[in-house]
Structure formats: structure tokens, C-alpha cells
Amino acid sequence: MGYRILLRDHRGLLSIAFLAMFSSSLGQSFFIGLFQAPISARLGLSAGQFGTAYALVTLAAGFAMLRFGPLIDWVAPRRFALAVLGALLTGVALLTLSPWWLLGVLGLGLVRLCGQGMMTHLGNTLAGREFESLRGRALGLTGMGIMLGETLLPPVIATLLVWLGWRQLWWLFALVLALLWVPLLLRGPWPAAPGTRPVRGERRGGPRPFREARFWQLLPLLMILPVTMTGLFIYQARMTEDLGSSLAVYALALTGMGIAKLPGALLGGRWVDRLGPVRLARLYLLPFALALALAITFGGHFGIWALMVGGGLAMGAQESIATSLLVRLWGADHLGTVRATLSAAMVFSTGIAPALLGVALDLGASFTLVLVGMLAFLVIGWMLAQGVLASPEARGCDAIPG
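Residues numbered from 1 in each chain as written. Predicted model: local features only at pLDDT ≥ 70, side-chain atom pairs only at ≥ 80, totals over all residues. Heavy atoms only, no water.

## Observations regarding the overall build of the chain
Rule in force here: Runs of E in the DSSP output that reach at least two residues are strands. Runs of H or I that reach at least four are helices, and both are numbered from the N terminus. Only the protein chains shown count as cover for residues, and the accessible areas themselves come from Shrake-Rupley with a 1.4 Å probe. None of His or the chain ends enter the tally, which takes Lys and Arg as positive and Asp and Glu as negative. Lys charges are placed at NZ, Arg charges at CZ, Asp charges at CG and Glu charges at CD.
Counting its regular elements, the chain contains 18 helices and 0 strands. Overall, the chain is about 50 × 50 × 45 Å in size when its C-alpha atoms are taken along their principal axes. Carbon and sulfur atoms form 68% of the exposed surface of the chain, whose accessible area is close to 17,700 Å². Across the chain, the centroid of the 29 positively charged side chains sits 6 Å from that of the 15 negatively charged ones.

The following block contains the structure:
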């Protein structure tokens with residue numbers, strides 16, 4: 001069954017998951033970064049203070065994901081979505097209307113938690129849990145919601161800022177999202193919760209990934225892209241200088257990355273269904289590994305383009321591969337718990353990694369040496385995961401090509 005038939009037969013559920021991923025744009029770094037200066041000015045924070053506050057609320061959101069993410073395993077998804085949307089809109093109101101900086105920072109935390117965290121969690125969990133033979137394709141289509149936000153919103157925002165202030169623009173975007181959610185919340189084909197609420201006072205059943213060795217073995221493989229790409233984004237000026245390129249070339253290469261995510265998602269989803277996530281887990285980082293090797297060897301404009309396009313291809317494919325692998329290893333009924341744990345781990349790592357990378361650069365490391373370290377991290381992560389990928393549970397999820 002191809003994408004066209006999938007869209008025809010499951011349009012409603014895919015619309016819910018897609019809209020959840022698109023709604024996450026409100027809490028993504030690329031969106032908030034567009035308003036860093038006016039938000040800092042309204043809250044009375046310097047650039048450094050805003051960065052510190054942003055890091056702290058992001059880490060707090062990671063801990064909150066561990067607490068609230070598993071709820072989707074026993075709370076009805078419609079109720080879960082309504083609660084997340086309500087908290088997201090509350091965060092927007094606090095961030096844009098509060099006269100006190102502390103409440104404004106609280107609003108920023110809610111936007112980060114419910115946008116980047118819980119909305120992404122909702123979309124990926126629904127697509128990963130409700131589809132079986134078509135799971136890879138469903139996740140590929142769902143992931144395009146984030147790609148649409150990354151591609152569409154920056155130029156739209158730049159245009160609208162000619163007529164609207166930053167707060168009015170946030171209110172407009174929040175209103176549009178709310179209006180898009182209303183028909184789906186009222187008439188959407190929402191599935192039932194897969195499990196029952198744990199009895200108060202009793203130990204909650206289900207997996208505890210942080211206590212399992214296989215989770216820690218798999219984690220570096222799944223963290224390579226978010227950790228390394230975060231470093232490339234944050235230290236873009238130093239990267240382009242050391243590699244002999246320019247920020248103008250980097251800006252164009254970002255567009256290439258966004259375009260590369262599309263075939264990465266669509267082909268990755270199709271191949272997951274045909275070949276299985278284990279085979280793809282062993283192969284999907286090859287474009288990024290090759291890009292790192294090319295950037296280290298040649299540098300220049302070519303190196304920047306290689307990093308962005310190679311990273312885009314791998315990032316587009318990662319979610320369908322990772323979620324399909326988690327379903328097989330821990331089961332669809334517990335996907336919310338495992339994905340929440342993985343999301344929290346990624347939040348922590350992407351919060352700490354830029355600081356460690358900054359220390360290395362301050363100590364005199366060239367960015368070429370940093371790229372060598374990233375390639376070494378990739379190879380080590382790939383090797384650590386092989387034991388889990390070779391286990392009977394993982395091998396059982398590979399589909400028969402057909």
C-alpha cells in the first residue's frame with residue numbers, strides 16, 4: 001500500500017498527528033529564536049540572561065516529559081491533546097501578556113514543554129502506535145508537519161512583521177492553531193487509550209527504560225543527530241570561519257537541508273515498511289557520516305553543503321526508524337513511556353552538548369577537530385547499538401521485502 005492509499009484510508013488520524021507535529025513549531029528553537037530580541041526586551045533580560053533562562057526551562061521541560069509523557073499510554077488521546085493545547089495557549093498568553101519576567105519565563109517553559117515536547121510526542125506516538133504494517137510511511141508523513149513549519153513559517157513571519165508586532169503575530173499564530181484543532185477535537189477519529197490508569201499507590205507497570213542496559217546501548221545512536229546538528233546550528237559562525245566558508249552559504253545550505261528532509265522522510269518511511277527498522281538503523285546515518293568525512297577532508301562551501309544536506313537526509317528518516325524500533329523492543333502499548341524517556345534524554349543531551357562544545361572551542365580546538373570528534377561519536381554510537389540490533393526482539397521486527 002502506497003502513500004496515496006494510506007492518505008485515502010486514514011486521512012483523519014494522519015491529520016491529527018500531522019497537525020500535532022506542525023503545532024510543535026511554536027515551541028521549536030527556530031521559531032523562538034526569531035523573536036529572541038523582542039522577548040528579551042519585554043522580559044528585561046540581556047542576551048546572556050535569556051540564553052540561561054532558555055537552557056533552564058528546556059532542561060525543566062525534559063524532566064516534565066518524564067512525568068507527563070507516559071500519560072498518553074492510559075489517558076484518552078483526545079483529552080491528552082486538549083490538555084496540551086490548553087497549556088500551550090496558556091504559555092503563549094503568559095509569555096506575551098505577563099508584566100512580570102518570572103511569569104514570562106514560565107510561559108516560555110510551557111511553550112517549550114507543550115510545543116517541542118508534548119505536541120511532537122503526541123504526533124509521533126499516535127502514528128507509531130495506531131499503524132502496524134504502514135507504520136514507517138505514517139511516521140514519514142507525520143514528520144512532514146515539522147518540515148512544513150521549518151520551511152513555511154520563517155518567510156511568513158518575516159513578511160507579517162512588516163505590519164504586525166511580535167506579540168500580535170504570536171496571538172495570530174495561536175489563534176490559527178486553535179481554529180485548526182477545533183474540528184479535529186470535535187469530530188476527529190480519535191483512538192482509545194491502549195491501557196488503563198494505574199491504581200493510586202500501586203507501583204506502575206510497564207518498562208523503565210533508564211533501568212535497562214539495552215536502552216543505554218541504543219541511546220547514543222539515536223542522539224547522534226540531535227546532538228551534533230545542535231552544535232552545528234549554534235556555532236555556525238565559528239564553523240563557517242574555520243572551514244573557509246561564509247554565513248551566506250550556510251543560510252542557503254539550510255534551505256538545502258530542509259529540502260533534503262523530504263526525500264529522507266518519504267523514502268525512510270517506505271523502506272522501514274519494506275526492509276524493517278533494524279536494517280535501516282544500521283544504514284540511515286551513512287549520509288551524515290559521509291558528509292562529516294567530506295567536510296573534514298575538503299572544508300569550504302562544499303563541506304558546509306555536505307553537512308546540511310547529509311544531515312537533512314538522515315534527520316528526515318530518523319523518526320520513522322527510531323519509533324518503529326521502540327515499538328518492537330518495548331511494545332506499542334508502552335510507546336508513550338519509552339518515547340517520553342527518549343525525548344527527555346535528548347533534551348538533556350542537547351542542552352549540555354553545546355556547553356561542552358563551547359569549552360572545546362575556547363580551549364583552542366578547530367572546528368575541523370570538532371567534526372572529527374563528531375564522526376568518532378557516530379562510529380562509537382553505531383558500534384554500541386549493534387548488540388541491541390542483533391537481539392531476537394529487534395530482528396523480529398524486520399519486514400519481508402516485497
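## A closer look at the packing of helix H14 (residues 286-298) against helix H15 (residues 300-330)
For any two helices packed against each other, the geometry is given by the interaxial angle and the distance between the axes. To keep things clear, this is the line we draw: Axis definition: a line fitted to C-alpha atoms, limited for helices to the stretch in contact. Angles are taken between N-to-C directions and run from 0 to 180 degrees. For classification purposes, an angle smaller than 35 degrees is called roughly parallel, one larger than 145 roughly antiparallel, one from 65 to 115 roughly perpendicular, and anything else oblique. Contacts between residues were defined by any pair of non-hydrogen atoms, one from each residue, lying within 4.5 Å. Residues are sorted three ways: Asp, Glu, Lys and Arg are charged, Ala, Val, Leu, Ile, Met, Phe, Trp, Tyr, Cys and Pro are nonpolar, and all the rest, Gly among them, are polar.
One can describe the packing of H14 onto H15 by two numbers: an axis separation of 8 Å at closest approach and a directional angle of 170°. In terms of their interaxial angle, H14 and H15 are classed as roughly antiparallel. Contacts from Pro287, Phe288, Ala291, Leu292, Leu294, Ala295 and Phe298 in H14 reach Gly300, Phe302, Gly303, Ala306, Leu307, Gly310, Gly311, Leu313 and Ala314 in H15. Residue composition of the contact of H14 with H15, grouped by class: 12 nonpolar, 4 polar and no charged.

## Some remarks on the pattern of salt bridges
If charged atoms from side chains of opposite charge come close, those side chains can pair. We apply this condition: Basic side-chain nitrogens of Lys or Arg form a salt bridge, by our definition, when they fall within 4 Å of a carboxyl oxygen of Asp or Glu. Buried, partly exposed and exposed residues are distinguished by accessible area as a fraction of the type maximum, computed with a 1.4 Å probe on protein chains only: under 20%, between the cut-offs, and over 50%, respectively.
Counted under the stated rule, the structure contains 7 salt bridges. The salt bridge involving arginine 339 is made with glutamate 319; its shortest N-O contact spans 3.1 Å. Linking arginine 339 in helix H16 (residues 335-362) with glutamate 319 in helix H15, this pair joins segments that are 20 residues apart in sequence. On the basis of relative accessible area, glutamate 319 is assigned to the partly exposed category, the value being 24%. Sharing partners across several salt bridges, the network here consists of Asp73, Arg129 and Glu130.

## Considerations on the domain arrangement of the chain
Our working rule: Annotation comment: domain bounds sourced from an automatic or database domain assignment. In short, buried area is how much 1.4 Å probe accessible area vanishes from two parts on joining, totalled over both.
Its domain assignment divides the chain into domain 1 (8-191) and domain 2 (211-390). Relative placement of domain 1 and domain 2: their C-alpha centres are 22 Å apart. Counting residues at the interface gives 27 residues for domain 1 and 27 residues for domain 2. Contact with domain 2 buries surface across domain 1, with Asp73, Arg137 and Met147 losing the most and accounting together for 23% of the total. When the shortest N-O distance is used, the salt bridge between lysine 261 and glutamate 150 registers 2.7 Å.

## As for the side chain of threonine 96
You can see threonine 96 is positioned in helix H6 (residues 77-97). Judged by relative accessible area, threonine 96 falls into the buried class, the value being 0%. With residues near it in sequence (within four places) discarded, threonine 96 still touches Arg42, Trp166, Arg167, Trp170 and Trp171.

## Considerations on the nonpolar core
Quick reminder of the rule: For the purposes of this section, nonpolar cores are sets of buried Ala, Val, Leu, Ile, Met, Phe, Trp, Tyr and Cys residues that join through side-chain atoms within 4.5 Å.
Counting 54 residues, the largest nonpolar core has Leu218, Leu232, Met239, Leu285, Leu307, Met308 and Leu371 as the members making the most contacts within it. Those elements that place two or more of their residues in this core are helix H10 (213-234), helix H11 (236-243), helix H12 (247-275), helix H13 (277-283), H14, H15, H16 and helix H17 (367-389). Counting residues per element, this core draws most heavily on H15, which supplies 12 residues. Excluding residues within four positions of it along the chain, leucine 218 makes contact with Leu325, Leu329, Ala385, Val388 and Leu389. With 53 residues, the next largest nonpolar core counts Leu26, Phe50, Met65 and Trp166 among its residues.

## What to know about H14
As a reminder, the rule being used: By definition here, a helix of n residues has an expected span of 1.5 Å times n minus one. Note: the arc covers the axis-to-C-beta directions of the helix.
With 13 residues, H14 extends 18 Å from end C-alpha to end C-alpha; this agrees with the ideal 18 Å at 1.5 Å per step. For H14, the set of buried residues is Phe288, Ala289, Ala291, Leu292 and Ala295. Projected down its long axis, H14 shows its buried positions confined to an angular sector of 160°, all on one face. Every exposed residue of H14 that faces more than 90 degrees away from the buried side is listed here: Leu286, Leu290, Thr297 and Phe298. Buried residues in H14 make contact with H10, H11, H15 and H17. The positive-phi residue at the C-terminal boundary of H14 is glycine 299, with phi of around 60°.

## Let's talk about the packing of helix H2 (residues 11-23) against helix H9 (residues 166-187)
We count it as follows: Less than a right angle of anticlockwise turn of the near helix away from the far helix marks a crossing as left-handed, whereas a clockwise turn marks it as right-handed.
Relative orientation of the contacting elements H2 and H9 amounts to 165°, with a least axis distance of 11 Å. Overall, the two elements H2 and H9 adopt an arrangement that is roughly antiparallel. As for the relative orientation of H2 and H9, their crossing is left-handed in sense. In this structure, H2 contributes Ser15, Ile16, Leu19, Ala20, Phe22 and Ser23 to the contact, and H9 contributes Phe173, Leu177, Leu180, Trp181 and Leu184.

## Topic: the environment of threonine 341
By the secondary structure assignment, threonine 341 is in helix H16. In sequence terms threonine 341 and leucine 275 are 66 residues apart; their C-alpha atoms lie 26 Å from each other.

## Considerations on the packing of aromatic side chains
Keep this limit in mind: By convention, a stacked pair of Phe, Tyr or Trp rings (six-membered ring in the case of Trp) has centres within 6.5 Å and planes under 30 degrees apart, an edge-to-face pair has planes over 60 apart, and any other such pair is tilted.
Scanning all chains against the criterion turns up 11 aromatic pairs. For the pair phenylalanine 215 and tryptophan 216, a centre-to-centre distance of 6.2 Å together with 80° between the ring planes defines the contact as edge-to-face. The class of phenylalanine 215 is buried, set by a relative accessible area of 3%. Residue tryptophan 216 is classed as partly exposed on the basis of its relative accessible area of 45%. One aromatic cluster is present, built from ring pairs that chain together Phe22, Phe31, Phe35, Trp170 and Phe173.

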